[in-house]
Amino acid sequence: KKLKLSSMVFFLSFLLLWGLPTLLNGLSFSPNTSSHLVPPTLQAYNPLRQSQIFAQTRELDSAPLDESIQHSFDAIVVGSGIGGLSCAALLSHFGYSLAVFESHSMPGGAAHGYSVYNKNIGGTFTFDTGPSFFSGLNSDFPAKSSNPLRSILDILGEEVKCAPYTTFGLKFPEGDFLHSPKFGLSGGVVDAVSGARGVEQWRKLMKAMEPLANAVDAMPTAALRGDVGVALTAGQFLPNFAKTNPLENLKLTSPFSKIIDGSGVTDEFIKNWLDLLCFCLSGVPSDGTITAEMAMMVGEFYDDDAIMDCPIGGAKSIVDALVRGIEKNSGFICCNSHVEEICIENGRAVGVRLKKNPEQLISAKKGVISNISIWDLMNTGIVDTNHFPDRFVSNRKATPECPSFMHLHVGFEMAKHELQKLQAHYIYIADWVRGVSDDENCALVSIPSVHDDTLAPNGYAVLHIYTPATERFERWENVKRNTPEYKALKEERSEFLWNVLESIIPDIRQRTIHSQVGTPLTHQRFLRRHKGTYGPAIYASEGSFPFPTTPVEGLLLCGDSCFPGIGVPAVAGSGITAANSIS
């Protein structure tokens, strides 16, 4: 009885913590609310209601919309980032007729890849444009229910071929180290820097994280949704919490810094590392990162059998898997198809109009899911904000944003035996005192060619180095692209990245065959991203990411502007929640 009472207390707390913010952030219900509820007999990974509408039979090869394609769907997704593709893949899998409209020439958002043919060597370099750290995707290893992207891929029956690895490089003021699952154990990095005292503090922190990680695992991301249907989809997992402590579980919504301090961690190196790790994952340090995100991550990094995944073919292979999941179920992905307007009539989202054919309404019977940022949704005229309450509009427009990035993509000459001496990733920081968010102080390096020889010709390799959301847009906003001023600023601001690379590959400039610099203006242009931002800078101590529902019936959100937040796992989770909420 005590266990059952404990479970009920936690579940009610869960609904209050996640459901109440949903209501306060603009949850709207249709007149027939029951039609949105998921049957309680649904299996763990099948939270979506099966549609009675027959799927479309025409296949689409990611082409622009033409006259032969229908102009009415159950659901329409605007934008094809990981969040939008995740939502679309689930809806199409469960029988919803669906179209995804993307402004760019290829799907994937920040996760899309690009290729460059170099005539001098007669070969092609393939680069990732965004995320490069992945874990839990490899189908050769058991899935975790808390990994939303893997859950989606398993539902779709799609695999992403990955090369597993367990170490990556650290270039810190204290020296050069190899990160591994033994990071905080005797003989690991913490031991090398802080000694036995640091190892003991790390042990206590990991011990404190165990029940929180168990609580995260107890509630599959696939069961979450943004309406009252969460009582049914999440309620079936209530028995999983029988052995958890509800008071401990409430810590999941607090800043991770509270868990660090509460565990008695005083070692500066450990606290600095956790700040950096949080910043790389969520765009804010540990005092702004929600504990639930770190509870999921800890196992991915520090379980005895923890591995990282290098997707063969780059992050694009993840995008391709989601696209296959959509198209094999007769969903449409329409690139070069910019949405000019999300149409709202009588308080309900009814479809979209494209820039190329603004007179034609493409209708959505169930709803429209926006995968664009909240600033671009509220400020560009794509929706008429008069349909929203003034407070909702002002709050969303005031969402604080993270800074942007500097990127450097390099194709370079290197033999295979030389690559084998390198790590696939490095994290660099020059000075802990300056802080992880300081300008030109931190960089992330990805050298996927260490594990993947498909990205460059034989004898060559690719790398991608970038600042983790520390580049201020204000430096660039008055600079015009394709001008001498822009070129000079690119060279100036990329010099830090070249210097970091030289600490890893001293003669990298001499080896370089191709290089390309990306700036906040690149993000703004190609990703149609407000100020090129990484995403919302919402601190866990000050607020929470809103759920996907809006005051307009049938208009939902997914991506990093809503719950769970920033990063590939989070935006995939947002796609699940949005798909559940429209079903």
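Residues numbered from 1 in each chain as written. Predicted model: local features only at pLDDT ≥ 70, side-chain atom pairs only at ≥ 80, totals over all residues. Heavy atoms only, no water.

Here we look at the sheet that holds strand β17 (residues 512-518)
Now for step 1: Taken in spatial order, the 7 strands of this open sheet run β7-β6-β14-β15-β16-β13-β17, and their pairing is mixed. The sheet terminates laterally at β7 (175-179) and β17, the two strands that pair on one side only. Neighbour-to-neighbour, the strand axes of this sheet turn through a mean angle of 15°, independent of strand direction.
Now for step 2: Here strand β6 (residues 168-172) pairs with strand β14 (residues 425-429) via 3 bridges, running parallel. Of the residues in β14, the one forming a bridge with Gly169 is Tyr426. (Pairing = 2+ DSSP bridges. Helix = DSSP H or I, 4+ residues; strand = E, 2+ residues; numbered from the N terminus. Axes fitted to C-alpha atoms, helices over the stretch in contact; angles between N-to-C directions.)

With respect to the packing of helix α8 (residues 268-282) against helix α9 (residues 291-302)
Now for step 1: Between α8 and α9, the least distance of the axes is 12 Å, while the angle of their chain directions is 105°. The angle between α8 and α9 places the two elements in the roughly perpendicular class. Contact residues: α8 offers Trp273, Leu277, Cys278, Leu281 and Ser282, while α9 offers Glu293, Met294, Met297, Phe301 and Tyr302.
Now for step 2: When its residues are assigned to classes, the contact of α8 with α9 shows 8 nonpolar, 1 polar and 1 charged. (Parallel < 35°, antiparallel > 145°, perpendicular 65-115°, else oblique. Contact = heavy atoms within 4.5 Å. Nonpolar A, V, L, I, M, F, W, Y, C, P; charged D, E, K, R; others polar.)

Observations concerning the packing of aromatic side chains
Now for step 1: With the rule as written, the count across this model stands at 22 aromatic pairs.
Now for step 2: Through pairs of rings, three or more aromatic residues link up here, namely Phe133, Phe168, Phe172, Phe183, Trp202, Phe269, Trp273, Phe301, Tyr302 and Trp432. (Phe/Tyr/Trp six-rings, centres within 6.5 Å; stacked < 30°, edge-to-face > 60°.)

So, the pairing of strand β1 (residues 72-78)
Now for step 1: The element β1 is extensively covered by neighbouring structure, given that 6 of its 7 residues are classed as buried.
Now for step 2: Direction of pairing for β1 relative to strand β2 (residues 98-101): parallel, over a ladder of 4 bridges. Within β2, the position partnered with Val77 by the bridge is Val100.
Now for step 3: Between the parallel pair β1 and β2, the chain is carried across by helix α2 (residues 82-93), and the sense of this crossover is right-handed. (Buried < 20%, exposed > 50% of the residue type's maximum accessible area, 1.4 Å probe, protein only. Right-handed = clockwise from strand over helix to strand, strands pointing away.)

Let's talk about the nonpolar core
Now for step 1: Leu170, Phe172, Phe183, Trp202, Met209, Trp273 and Leu276 are the most contacted members of the largest nonpolar core, which has 54 residues in total.
Now for step 2: No other element matches helix α4 (residues 189-218), which puts 10 residues into this core.
Now for step 3: Those residues in contact with Phe172 that sit more than four places away from it in its chain are Phe177, Phe269, Trp273, Leu276, Ile427, Ile429 and Trp432.
Now for step 4: Leu91, Tyr96, Cys162 and Val319 belong to the second largest nonpolar core, which has 42 residues in total. (Core = buried A, V, L, I, M, F, W, Y, C linked by side-chain atoms within 4.5 Å.)

Some thoughts on the pattern of salt bridges
Now for step 1: If you walk through the whole model with that rule in mind, you get 22 salt bridges.
Now for step 2: One salt bridge in this structure joins Asp176 and Lys171, with 2.8 Å as the shortest N-O distance.
Now for step 3: Beyond isolated ion pairs, a larger network of salt bridges with shared partners links Asp439, Glu440, Glu471, Arg475 and Arg493. (Salt bridge = Lys/Arg side-chain N within 4 Å of Asp/Glu carboxyl O.)

Quick look at empty space enclosed by the protein
Now for step 1: Evaluated as defined, the whole model comprises 4 cavities of 30 Å³ or more.
Now for step 2: As a volume, the second largest cavity reaches approximately 70 Å³.
Now for step 3: As for the second largest cavity, its lining consists of Asp128, Ser132, Phe134, Asp309, Cys310, Pro311, Gly314, Ala424, His425, Ser446 and Pro448.
Now for step 4: Ranked by the residues each element gives to the lining of the second largest cavity, the list is headed by strand β8 (residues 308-311), at 3 residues. (1 Å grid on protein atoms, 1.4 Å probe; cavity = no way out; pocket = protein on both sides within 12 Å on 5 of 7 lines; lining within 4 Å. Points joined across faces, edges and corners; volume = space filled by probe spheres on them.)

Here we look at the environment of Leu252
Now for step 1: Mapping Leu252 onto the fold places it in the loop between α6 (246-249) and α7 (256-262).
Now for step 2: Taking the C-alpha atoms as reference points, Leu252 and Glu293, 41 residues apart in sequence, are found 8.3 Å from one another.
Now for step 3: In contact with Leu252, not counting residues within four places along its chain, are Leu212, Ala215, Val216, Ile290, Thr291, Ala292 and Ala295.

Some words on the confidence of the model for the chain
Now for step 1: Looking at the chain as a whole, its pLDDT mean stands at 85, while 82% of the residues score no less than 70.
Now for step 2: This stretch, residues 1-66, has a pLDDT under 50; its non-local contacts, to residues over four places away or in other chains, come to 144 contacts. (pLDDT = per-residue confidence, 0-100.)

Details of α8
Now for step 1: The end-to-end C-alpha distance of α8 is 21 Å, a good match for the 21 Å that 15 residues give at a rise of 1.5 Å each.
Now for step 2: Within α8, 11 of the 15 residues are buried, leaving the element largely enclosed by the surrounding structure.
Now for step 3: If you check the start of α8, you find a side-chain oxygen 3.2 Å away from the backbone N of Phe269, and it comes from Asp267.
Now for step 4: Immediately beyond the C-terminal end of α8, within one or two residues, lies Gly283, with a positive phi of roughly 85°. (Expected span 1.5 Å × (residues − 1). Polar contact = N/O pair within 3.5 Å; in protein donor to acceptor, adjacent residues only side chain to side chain.)

What about the environment of Phe269?
Now for step 1: Take Phe269: it is sitting in helix α8.
Now for step 2: On the basis of relative accessible area, Phe269 is assigned to the buried category, the value being 5%.
Now for step 3: Separated by 95 residues in sequence, Phe269 and Glu174 have C-alpha atoms that sit 9.2 Å apart.
Now for step 4: When near neighbours in sequence (up to four residues on either side) are disregarded, Phe269 contacts Phe172, Glu174, Phe183, Val189, Val190, Val193, Ser194 and Trp432.

Focus on the state of the cysteines
A covalent bond bridging the sulfur atoms of two cysteines is what the word disulfide describes.
Now for step 1: Enumeration over the complete set of coordinates arrives at 0 disulfides.
Now for step 2: For the unlinked cysteine Cys335, the closest cysteine sulfur is that of Cys334, found at 7.9 Å.
Now for step 3: With no disulfide of its own, Cys442 lies closest to Cys280 among cysteine sulfurs, the gap being 5.1 Å.
Now for step 4: Residue class for Cys442 comes out buried when judged on its relative accessible area of 0%. (Disulfide = S-S within 2.5 Å.)

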